[in-house]
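Structural characterization, general
The primary structure of each chain is shown beneath.
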Amino acid sequence: AQKVTQAQTEISVVEKEDVTLDCVYETRDTTYYLFWYKQPPSGELVFLIRRNSFDEQNEISGRYSWNFQKSTSSFNFTITASQVVDSAVYFCALSGVNTGKLIFGQGTTLQVKP
Amino acid sequence: GAVVSQHPSWVICKSGTSVKIECRSLDFQATTMFWYRQFPKQSLMLMATSNEGSKATYEQGVEKDKFLINHASLTLSTLTVTSAHPEDSSFYICSARGDLNSEKLFFGSGTQLSVL
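What comes next concerns the included structure. (Residues numbered from 1 in each chain as written. Chains lettered and ligands numbered in written order. Predicted model: local features only at pLDDT ≥ 70, side-chain atom pairs only at ≥ 80, totals over all residues. Heavy atoms only, no water.)

**Focus on the overall build of chain A**
Helix and strand content of chain A: zero helices and 12 strands. In sequence order, chain A lays out its α and β elements as β-β-β-β-β-β-β-β-β-β-β-β. In summary, chain A has a C-alpha radius of gyration of 14 Å against a globular reference of 13 Å for 114 residues, a match within 12%. With the C-alpha coordinates aligned to their principal axes, the bounding extent of chain A is approximately 45 × 25 × 20 Å. Within the span of chain A, comprising 114 residues, buried residues form 44% of the whole. Element-wise, carbon and sulfur atoms account for 49% of the exposed surface of chain A, whose accessible area totals about 5,600 Å². Of the side-chain charges in chain A, 10 are positive and 12 negative, and the distance between the mean point of each set is 5 Å. (Helix = DSSP H or I, 4+ residues; strand = E, 2+ residues; numbered from the N terminus. Rg over C-alpha atoms; globule rule 2.2 N^0.38 Å. Buried < 20%, exposed > 50% of the residue type's maximum accessible area, 1.4 Å probe, protein only. Areas by Shrake-Rupley, 256 points an atom, 1.4 Å probe, with all protein chains shown as cover. Lys, Arg positive; Asp, Glu negative; His and termini not counted. Charge placed at Lys NZ, Arg CZ, Asp CG, Glu CD.)

In structure tokens, the structure reads:
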């Protein structure tokens, strides 16, 4: 069975602090995709990243970075120098190859205070 | 990037009525669409997979007679909540995938359903 666990329900930081959102997954597939989405209060899902299980290179995009550790089945997301606009619910998700079905984690609510 | 339009954004209805939610891929043909439900402060749960021209595949525990899904064309899938009740109040969101080998998924903006 596939499962995604985001153990942090809520995180509160002060602006400019760095924050890491944890994601641990379970799957029996040898090939799979991992995703991160941002859900602002308006509700839409904003795509942040998709990572193939074969690619364990860490990725950086501006203030965002992702650490994929296949050995520990983790795909953590770090926001550097957080901003108030980063306040949202962040979801980690997993899918098999060619299924399109996403298994979402419980989500982490990030509050960035000015 | 590809756009998926979901309509309406929000709907309020009386208990017992049916509500139809549309999910359209605007600039690509979506062979497969997915419908998710999200209760307040909870995660998104997959309800069903909709393939163009065939019956939808429902996840365990989802009532297919209550949540009717139609995917009659490559650009449109509809979810009809039949005889809605207050417990059906939720955020419904669709996603669309292009060709079968595409791993690119595009989400609609979601529909907030409130059943009085």
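Still to come is the rest of the account.
**As for the pattern of salt bridges**
Across all of its chains, the model carries six salt bridges over all chains by this definition. Asp 55 of chain A is paired through a salt bridge with Arg 51 of chain A; the nearest N and O atoms lie 3.7 Å apart. Accessibility expressed as a relative area gives 30% for Asp 55 of chain A, which makes it partly exposed. Note that Glu 22 of chain B is salt-bridged to Arg 24 of chain B, the shortest N-O span being 3.5 Å. (Salt bridge = Lys/Arg side-chain N within 4 Å of Asp/Glu carboxyl O.)

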